[in-house]
Amino acid sequence: MNYTTILVETRGRAGLITLNRPQALNALNQVLLTELTAALAAFDADDSLGAIVLTGNERAFAAGADIKTMAEASETEIRQSGFIELFDHLARIQKPLIAAVNGIALGGGCELALACDLILACETAKFGLPEVTIGVIPGAGGTQRLTRAIGKALTMEMILNNRQLSAAEALHFGLVNRVLPPERLLDEALTLAESLAARAPLAVRAAKQAINLAFEESLTDGLHTERELFYRLFSTDDQKEGMQAFLARRKPDWKGK
Ligand code: CO8
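This one's a predicted model, so the numbers in the text were calculated from it and none came from an experiment.

Draft legend 1. Here's a closer look at helix 1 (residues 30–44). With 15 residues, helix 1 extends 21 Å between its outermost C-alpha atoms, agreeing within 8% with the 21 Å of an ideal straight helix rising 1.5 Å per residue. All of the buried residues along helix 1 are L32, L33, E35, L36, T37, A39, L40, F43 and D44. Residues of helix 1 that are buried sit in contact with strand 1 (6–11), strand 2 (14–19), strand 3 (51–55), helix 4 (88–91), strand 5 (97–101) and helix 5 (108–114).

Draft legend 2. Representation of the sheet that holds strand 9 (residues 165–166). Spatially, the 4 strands line up as an open sheet ordered 4-6-8-9, and their pairing is mixed. Of all strands in the sheet, those bounded by a partner on one side alone are strand 4 (60–62) and strand 9. Here strand 8 (residues 126–128) pairs with strand 9 via 2 bridges, running antiparallel. Looking at strand 9, one finds that F127 is bridged to L165.

Draft legend 3. Fine view of a nonpolar patch on the surface. Together, F230, Y231, F234 and M243 make up an exposed nonpolar region whose accessible area comes to about 430 Å². Relative to the elements of secondary structure, F234 occurs in the loop between helix 11 (219–233) and helix 12 (237–247). Relative accessible area serves as the criterion here: at 36%, F234 is assigned to the partly exposed category.

Draft legend 4. Expanded view of the pairing of strand 2. Within strand 2, 6 of the 6 residues are buried, leaving the element largely enclosed by the surrounding structure. Burial along strand 2 is two-sided: A14, L16 and T18 and G15, I17 and L19, pointing in opposite directions, are all buried. Bridge count between strand 1 and strand 2: 6 bridges; the pairing is antiparallel. When the sheet's bridge partners are listed, I6 is paired in strand 2 with L19.

Draft legend 5. Spatial organisation of the sheet that holds strand 2. Within the open sheet, the 6 strands sit side by side as 1-2-3-5-7-10. Their pairing is mixed. Unpaired on one side and paired on the other, strand 1 and strand 10 (178–180) mark the two borders of the sheet. For this sheet, the mean angle separating the axes of adjacent strands, direction not counted, is 20°. Pairing analysis gives 5 bridges linking strand 2 to strand 3, with the strands arranged parallel.

Draft legend 6. Representation of the packing of aromatic side chains. Applying the stated rule across the entire model yields 2 aromatic pairs. Each member of the aromatic cluster is reached from another via a ring pair, and the members are F230, Y231 and F234.

Draft legend 7. Region of the structure containing the site of the ligand. Near the ligand lie 26 residues; those nearest to it are R59, A63, A65, I67 and G108. The separation between an oxygen atom of the ligand and a polar main-chain atom of A65 is 2.8 Å. The separation between an oxygen atom of the ligand and a polar main-chain atom of G108 is 2.8 Å. Listed by contribution, the elements that provide at least two residues to the shell around the ligand are helix 2 (67–70), strand 6 (104–106) and helix 5. Across the shell around the ligand, the residue classes tally to 16 nonpolar, 5 polar and 5 charged.

So, how was this worked out
- Residues numbered from 1 in each chain as written.
- Predicted model: local features only at pLDDT ≥ 70, side-chain atom pairs only at ≥ 80, totals over all residues.
- Heavy atoms only, no water.
- Helix = DSSP H or I, 4+ residues; strand = E, 2+ residues; numbered from the N terminus.
- Expected span 1.5 Å × (residues − 1).
- Buried < 20%, exposed > 50% of the residue type's maximum accessible area, 1.4 Å probe, protein only.
- Contact = heavy atoms within 4.5 Å.
- Pairing = 2+ DSSP bridges.
- Patch = residues over 30% accessible without salt bridge, like charges linked within 9 Å, V, L, I, M, F, W, Y side chains within 5 Å.
- Areas by Shrake-Rupley, 256 points an atom, 1.4 Å probe, with all protein chains shown as cover.
- Salt bridge = Lys/Arg side-chain N within 4 Å of Asp/Glu carboxyl O.
- Axes fitted to C-alpha atoms, helices over the stretch in contact; angles between N-to-C directions.
- Phe/Tyr/Trp six-rings, centres within 6.5 Å; stacked < 30°, edge-to-face > 60°.
- Near = heavy atom within 4 Å.
- Polar contact = N/O pair within 3.5 Å; in protein donor to acceptor, adjacent residues only side chain to side chain.
- Nonpolar A, V, L, I, M, F, W, Y, C, P; charged D, E, K, R; others polar.

Okay, structure coming up:
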């Protein structure tokens, strides 16, 4: 597929997607989100890859949904556009998704990072949900995922009053995993992806699924699902290989089966 708004490549066992509308600070429009979901699905289906890195350009990870294309939309038009529903595809990606956030992550851009599993931030990164300053609210998970990530008090301040977080603050409040200087951000994200790709793939997938369920299910249901996923891994070749390799003091050879 020929993409016009993203760059897609593989680096070792990592799939790398770069949002590429720098002139609009990577504002998310229908084309970009459609291309992004297609590229993510293709990487997810590629057994040679173990993790996916999503990044932006120097100034912006993404400055939010494209205001120019939304400004005149009616309620019916925005409902029927299927725009926000494209975000639902992200939740279906089974491989670990790493956001490497360089610069601005605002509105839908912040929500995009929040929909990833791990977030590495450049020292200059800035996280915010400024939607109320243009008459709307976050519509792609911001009110829900941010609250779960950093709690109610700070989320209220960020969404109701456009408080934006620096990278250091985002690390302090547990929104991101690491903060890095600009020249190390992508390398570190790719190294992390490579490290994840070296783990038992079915186990990584099951672990990601179980952790994400902690946001959806009651503790009782979540514990049940976790146990079920644990049991199921005992019917995989990789569980036998992993434990035999441990006992034989050798490196496991994962088959993803
Ligand atoms: N949409 C469209 N174009 C944008 C956006 C955007 N969100 N952000 C920046 N741009 C464009 C500007 O219009 C400008 O283009 P042009 O030169 O053609 O006018 C170019 O990018 C550069 O931007 P600025 O000149 O404004 O650069 P500054 O350095 O002066 O300012 C800011 C940078 C502070 C980031 C500023 O651009 C800004 O405030 N942008 C808007 C941020 C925002 O409000 N984001 C939230 C949008 S609403 C949203 O995300 C709702 C999500 C709901 C669901 C999402 C599903 C995907």
